[in-house]
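What follows is each chain in one-letter form.
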Amino acid sequence: MAFDFFIKNGIFIDPISKVHGKYDIAVDSGRVFSIHPSKEFGLEKYAKNSIDASGYLVTPGLIDLHTHVFPNDTEIGIDADLVGVQQGVTTLVDAGSAGAATFPKFITNVVEKNITQVLAWINIASAGLCSGRAELSDLTQIDTQSVIEMISQFPIIRGIKVRMSSSVLGASGLRPLEIAKDLSRKVGLPLMVHVGNGPPELGYILDLLDEGDVVTHAFHGKKGGILDGDEILPQAHQALKRGVLFDIGHGTASFSMQTLQKAKKVGIKPCSISTDIYLENYSGPVYSLTTTLSKFLALGFSLDEVIAAATMAPAAILRMDHEIGTLQVGRIADISVLTIEDGVFEFTDSENEVFKGHQLLRAKFTIKSGRVLKCR
Ligand SMILES: [Zn+2]
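Residues numbered from 1 in each chain as written. Predicted model: local features only at pLDDT ≥ 70, side-chain atom pairs only at ≥ 80, totals over all residues. Heavy atoms only, no water.

**Focus on the overall build of the chain**
And then number 1: Assigned secondary structure in the chain consists of 11 helices and 17 strands.
And then number 2: Relative to its length of 376 residues, the chain is compact, with a C-alpha radius of gyration of 20 Å against a globular reference of 21 Å.
And then number 3: Projecting the C-alpha coordinates of the chain onto the three principal axes gives extents of approximately 65 × 45 × 35 Å.
And then number 4: For the chain, buried positions account for 59% of its 376 residues.
And then number 5: Across the chain, the fraction of contacts at a sequence separation of at least 24, relative to all contacts at a separation of at least 6, is 74%.
And then number 6: Positive and negative charge centroids in the chain, built from 35 and 42 side chains respectively, lie 3 Å apart. (Helix = DSSP H or I, 4+ residues; strand = E, 2+ residues; numbered from the N terminus. Rg over C-alpha atoms; globule rule 2.2 N^0.38 Å. Buried < 20%, exposed > 50% of the residue type's maximum accessible area, 1.4 Å probe, protein only. Contact = heavy atoms within 4.5 Å. Lys, Arg positive; Asp, Glu negative; His and termini not counted. Charge placed at Lys NZ, Arg CZ, Asp CG, Glu CD.)

Listed below in C-alpha cells is the structure:
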C-alpha cells in the first residue's frame, strides 16, 4: 500500500473542517490519501517520500480571488505561476483581463500553460483589459450574447467582472452594471464589481447587487467609499445584509488600513482577502498573497480568520467548495506549506501608510495536484 508522499508534523489549519492542530497528510496519485493527527497510525513507513513540516503551517491550497495574469496581451498582466504556485497559491482567479473576444486566447496562453489552476471573472467588455483600461466608456463594447457563449464553453468562468469607476466608464454611468446584472441573473453566476473613484456614487452601485455578488476594493481609501466619516454607508449596510460580499483586492491604489480599521470598529470585515496583484504592484506594495494575509494578522485578525479568507471564503464565492478550499480524503491534493516568522515587520498599504506587525507568512512549498514545488 505504498503511497507517494507524506507531510508530517505540520500545524494543519482547515477552516471548513474546523481543524487547527498537528496532523499528517498522505498523498497518492495527486489526491489526498489520508489526514490524521500526527503519529496516530504510523503510516510514514509506507511513504515513498516525506516532507518534515515541523514548525510549518499546512493549509488547503491558497486561493487568490482577484489577480491579473494575462501577460503580453494586457499591459498589467503578470505570469500566473510566478504569483501562483511559486508563492504558495494553487488557484488564481483572473479578474476581467479577458472579455468574450479575448477569452479563447486567455485559455491557450494562460490557463493551459501554467501549473497554477487559473479561473476567471470574464470582463463584461469584449476586449477585457486588452485594449486599454477605459473598457466600458463605449457601450458597443458589450456583447452579452458572446459572453453567454464563452460561459457555456468554459466552465473556468466563475462570474462576471464589471469595473465601475469613473476612469473606466467615461459617460456610461450605471448602464454597464445594469446590463451585467441582467446577464448575471440569466446565467446564474455572480458579479465581481470593482469600485473606486466615482461617479457613479457607491450607494447606487451597491443597491444593484444581489446575494453572492462581490465588491472588490471594498476597503479603498479614496473619496466616496463604504464609510461616511466614521459610520458605514447605509447602502453598504443593506448590501451586506442582503449577502453581498466585500473583498479586499489590495492592488496599487485600493486598500487602506485606516478604512479597514474604521470598518472593523463598526463590525464590518472582509469576506475574502485577495491581492489584485499585477506587474506594477508585485514589487510592492502587494508582493504576494502571503504578504497580504500577513497585513491582516498585523491588523488584528486571527490566523484562522486570514486562512479562511484565502481558502474557505473564495472557494464558496466561486461555488467550488466541493473541490477546493479544504482538504478531504479523495480530493485533489492542493496544499500550501507556509512558514510563520515572529519578529517586527513593516507593511505598507495602498495609501503609503506604514504599519507594524509581529508575524510574517511566507510560502515554503506548494503542492499542486500532488506535485511538490519549492517556493521562491
Ligand atoms: Zn483588478
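**Some words on the domain arrangement of the chain**
And then number 1: Along its sequence, the chain is carved into domain 1 (3–59 + 328–338 + 359–374) and domain 2 (61–317).
And then number 2: A separation of 30 Å is found between the C-alpha centroids of domain 1 and domain 2.
And then number 3: Summed over both partners, the interface of domain 1 with domain 2 comes to about 1700 Å²; 70% of that surface belongs to carbon and sulfur atoms.
And then number 4: At the junction of domain 1 with domain 2, the criterion picks out 0 salt bridges.
And then number 5: Across the domain 1-domain 2 interface, the total number found is 8 residue pairs in polar contact (both at pLDDT 80 or more).
And then number 6: Considering every element that reaches the side of domain 1 that touches domain 2, the biggest residue donor is strand β16 (residues 354–368), with 8 residues.
And then number 7: Partitioned by chemical class, the residues of the side of domain 1 that touches domain 2 number 11 nonpolar, 5 polar and 4 charged. (Domains from an automatic or database assignment. Buried area = accessible area lost by both parts, 1.4 Å probe. Salt bridge = Lys/Arg side-chain N within 4 Å of Asp/Glu carboxyl O. Polar contact = N/O pair within 3.5 Å; in protein donor to acceptor, adjacent residues only side chain to side chain. Nonpolar A, V, L, I, M, F, W, Y, C, P; charged D, E, K, R; others polar.)

**Focus on the sheet that holds strand β6 (residues 62–67)**
And then number 1: Spatially, the 7 strands line up as an open sheet ordered β6-β7-β8-β9-β10-β11-β14, and their pairing is parallel. Each having just a single partner strand, β6 and β14 (245–246) make up the two edges of the open sheet.
And then number 2: Running at roughly 95 degrees to β6, helix α9 (residues 289–298) makes contact with β6 and β7 (89–99) of the sheet. (Pairing = 2+ DSSP bridges. Axes fitted to C-alpha atoms, helices over the stretch in contact; angles between N-to-C directions.)

**Comments concerning the layout of surface pockets**
And then number 1: Roughly 340 Å³ of volume is contained in the largest pocket.
And then number 2: If you trace the largest pocket, you find 22 residues lining it, with R133, R163, H194, K222 and Y278 closest to the centre.
And then number 3: The biggest single contributor to the lining of the largest pocket is helix α4 (residues 166–169), with 3 residues.
And then number 4: Residue classes in the lining of the largest pocket are distributed as 5 nonpolar, 11 polar and 6 charged.
And then number 5: Within this model, the second largest pocket holds a volume of roughly 270 Å³. (1 Å grid on protein atoms, 1.4 Å probe; cavity = no way out; pocket = protein on both sides within 12 Å on 5 of 7 lines; lining within 4 Å. Points joined across faces, edges and corners; volume = space filled by probe spheres on them.)

**A closer look at the UniProt feature "modified residue: N6-carboxylysine" (unreviewed entry) in the chain**
And then number 1: The sites that carry the UniProt feature "modified residue: N6-carboxylysine" (unreviewed entry) are, in the present numbering, K161.
And then number 2: The topology assignment puts K161 in strand β9 (residues 157–164).
And then number 3: Taking relative accessible area as the criterion, K161 reaches 1% and is therefore assigned buried.
And then number 4: Beyond its immediate sequence surroundings of up to four residues, K161 is in contact with H66, H68, A95, G96, W121, I122, N123, I124, M192, H194 and T216. (UniProt positions renumbered as here; feature names shortened; annotations may be inferred.)

**Digging into the environment of I324**
And then number 1: By the secondary structure assignment, I324 is in the loop between α11 (312–317) and β15 (335–348).
And then number 2: Taking the C-alpha atoms as reference points, I324 and F6, 318 residues apart in sequence, are found 20 Å from one another.
And then number 3: Here I324 is in contact with I63, T91, Q117, A315, R331 and D334, once residues within four sequence places are set aside.

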